[in-house]
Amino acid sequence: MLTVAIAATATVSLQISTADSAGAAGAYQLLGEGLDSCAAPTTTQMANFWNGTPYYYWGIYIGGNQRSCSQPNLTASWIKTVTTGSVNGVSMAWKLLPFWVGPQDPCERGFGSYISLNTATAFGQGTDEAASAYSEWVNTLGQSSDTPLDYDMEVSTGTITSSCLAAIKSFINGWVTQLHLYPPQKAGIYTSSCGGDLDQFAHIPNPPDFIDGANYSSGKSTSDMPCVSATHWTQQQRHKQYQGQHNETWNGTTISVDSRCANSWVYATYTVQNTTEGCR
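On a predicted model such as this, the values are computed, not experimentally measured, just so you know.

So, how was this worked out
Residues numbered from 1 in each chain as written. Predicted model: local features only at pLDDT ≥ 70, side-chain atom pairs only at ≥ 80, totals over all residues. Heavy atoms only, no water. Helix = DSSP H or I, 4+ residues; strand = E, 2+ residues; numbered from the N terminus. Rg over C-alpha atoms; globule rule 2.2 N^0.38 Å. Buried < 20%, exposed > 50% of the residue type's maximum accessible area, 1.4 Å probe, protein only. Contact = heavy atoms within 4.5 Å. Areas by Shrake-Rupley, 256 points an atom, 1.4 Å probe, with all protein chains shown as cover. Lys, Arg positive; Asp, Glu negative; His and termini not counted. Charge placed at Lys NZ, Arg CZ, Asp CG, Glu CD. Phe/Tyr/Trp six-rings, centres within 6.5 Å; stacked < 30°, edge-to-face > 60°. Lys NZ or Arg CZ within 6 Å of the ring centre and 35° of its normal. 1 Å grid on protein atoms, 1.4 Å probe; cavity = no way out; pocket = protein on both sides within 12 Å on 5 of 7 lines; lining within 4 Å. Points joined across faces, edges and corners; volume = space filled by probe spheres on them. Nonpolar A, V, L, I, M, F, W, Y, C, P; charged D, E, K, R; others polar. Disulfide = S-S within 2.5 Å. Pairing = 2+ DSSP bridges. Axes fitted to C-alpha atoms, helices over the stretch in contact; angles between N-to-C directions. Parallel < 35°, antiparallel > 145°, perpendicular 65-115°, else oblique. Left-handed = near helix turned anticlockwise from the far one by under 90°.

1. Points about the overall build of the chain
Along the chain, the regular secondary structure elements total four helices and 13 strands. In terms of overall size, the chain behaves like a compact globule, its C-alpha atoms giving a radius of gyration of 18 Å where 280 residues would be expected to give roughly 19 Å. Dimensions along the principal axes, computed over C-alpha positions, put the chain at roughly 55 × 40 × 35 Å. Across the 280 residues of the chain, 57% fall into the buried class. Counting contacts in the chain only where the partners sit at least 6 residues apart, residues at least 24 apart contribute 74% of the total. Accessible surface computed for the chain: about 10700 Å², of which carbon and sulfur atoms make up 50%. When the 11 basic and 20 acidic side-chain charges of the chain are each reduced to a single mean position, those positions are 4 Å apart.

As structure tokens, then:
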């Protein structure tokens, strides 16, 4: 675990970009930097991380039986406030990337729920998790059904066997298939770009609409995704987590976060294309 304190103030330029006019909340494409944290911060903390910072979006963990933190702040009201509201005079327009953390790689130890090695069963698990994630986002959190949903597949050992990889691919195929039954859902997968064999998901019957690769040695650029072919997911279909857990401080608020870049889908009210940040 990397812990680095980054002190900052509101002196940097805020979100210089080309943006479409605002519309209804849904899936829009973003080119720009963001952060994620296991637990959603308070709305005051979110305002402090918005005011004069280089960030556009926040990854939020909406559910799944392997989510490792409670979410006392994450409600429909919280989403409305951080995406279109204001706190302490700070008007926010955060874009969001919802994560779902359900059954994990059967080759990885330390989890409480696993994908079946039987590929037919794994496919069904994937459809079930997609249905649960959709219900949580739309019915519990009260959001638009037009949104990207990102499945969090954790990797620590980087030793996926062929049978485990086949199970994971079948699971994600079920995840994507089910989410595509709720048009126009965008289905994604987060995992290590190399250790998670991310490129393999380009070859399943229903490939993810976007990928979210963790790689901490290759910089911000989503185009530079080690172990992923440059010919896959080329139409603004990539997120990248380029730095692991560390502390950042903005406007007097410190939060433990991961750093990331988007050149892909987020839940927002308009498209932003910021070419100044190096995320392309």
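2. Quick word on the packing of aromatic side chains
Under the counting rule described, the total for this entry stands at eleven aromatic pairs. Arranged with centres 4.8 Å apart and planes meeting at 85°, the rings of Trp137 and Tyr267 form a pair that is edge-to-face. Residue Trp137 is found in helix α3 (residues 119-140), and its partner Tyr267 is found in strand β12 (residues 253-268); the two are separated by 130 residues along the sequence. Comparing Trp137 with Tyr267 shows no difference in burial state: the two are buried. Measuring from centroid to centroid gives 5.0 Å for Tyr151 and Trp175, while their planes differ by 75°, and the two rings are edge-to-face. Taken together, the residues span a long stretch of sequence, with Tyr151 in strand β8 (residues 148-152) and Trp175 in helix α4 (residues 162-179) at a distance of 24 residues. Pair check on accessibility: Tyr151 and Trp175 agree, each one buried. An aromatic cluster of at least three residues, connected via ring pairs, comprises Phe49, Trp50, Trp58 and Trp94. Just above the ring of Tyr270 sits the side chain of Lys95; from NZ or CZ to the centre is 3.6 Å. The ring of Trp265 has Lys186 lying over it, and the distance from NZ or CZ to the ring centre is 4.3 Å.

3. Observations concerning the layout of surface pockets
Looking at the largest pocket, its volume works out to about 520 Å³. Secondary-structure elements contributing two or more residues to the lining of the largest pocket are β9 (186-192), β11 (238-250) and β12. Grouping the constituent residues of the lining of the largest pocket by class yields eleven nonpolar, eight polar and five charged.

4. Observations concerning the state of the cysteines
The final tally for this structure, using the stated rule, is four disulfides. Two residues, Cys107 and Cys164, share a disulfide whose sulfurs are 2.2 Å apart. Taking the torsion about the sulfur-sulfur bond, which here is approximately 100°, the covalent link between Cys107 and Cys164 counts as right-handed. Remark: Cys164 occurs in helix α4 and Cys107 occurs in the loop between β7 (95-100) and α3; sequence separation between them is 57 residues. Looking at the chain, its bonded cysteines, counted consecutively from the start of the sequence, adopt the pairing 1-2, 3-4, 5-6, 7-8.

5. What to know about helix α2 (residues 76-84)
If you check which residues of α2 are buried, you get Trp78, Ile79, Thr81, Val82 and Thr83. Against α1 (43-50), β4 (55-63), β5 (86-87), β7, α3 and β12 lie the buried residues of α2.

6. A short note on the pairing of β11
Counting buried residues along β11, ten of its 13 residues qualify, which places the element largely inside the surrounding structure. The sheet contact formed by strand β10 (residues 210-214) and β11 spans four bridges and is parallel. Looking at β11, one finds that Ile211 is bridged to Arg238. Looking at chain direction, β11 and β12 are connected through ten bridges and run antiparallel. If you follow Thr249 over to β12, its bridge partner there is Thr254. In sequence, β11 turns back onto β12 through a hairpin of two residues, with Asn251 there showing a positive phi of about 50°.

7. Here we look at the packing of α3 against α4
Interhelical geometry of α3 versus α4 gives an angle of 40° and a closest axis separation of 7 Å. Taken together, the axes of α3 and α4 lie oblique to each other. Judged by the twist between their axes, the crossing of α3 over α4 is right-handed. Across from Thr119, Ala122, Phe123, Gln125, Gly126, Thr127, Glu129, Ala130, Ala131, Ala133 and Tyr134 in α3, the residues of α4 making contact are Ala166, Ala167, Ser170, Phe171, Asn173, Gly174, Trp175, Thr177, Gln178 and Leu179. Considered class by class, the residues forming the contact of α3 with α4 number eleven nonpolar, nine polar and one charged.

Keep in mind these values describe shape, not function.
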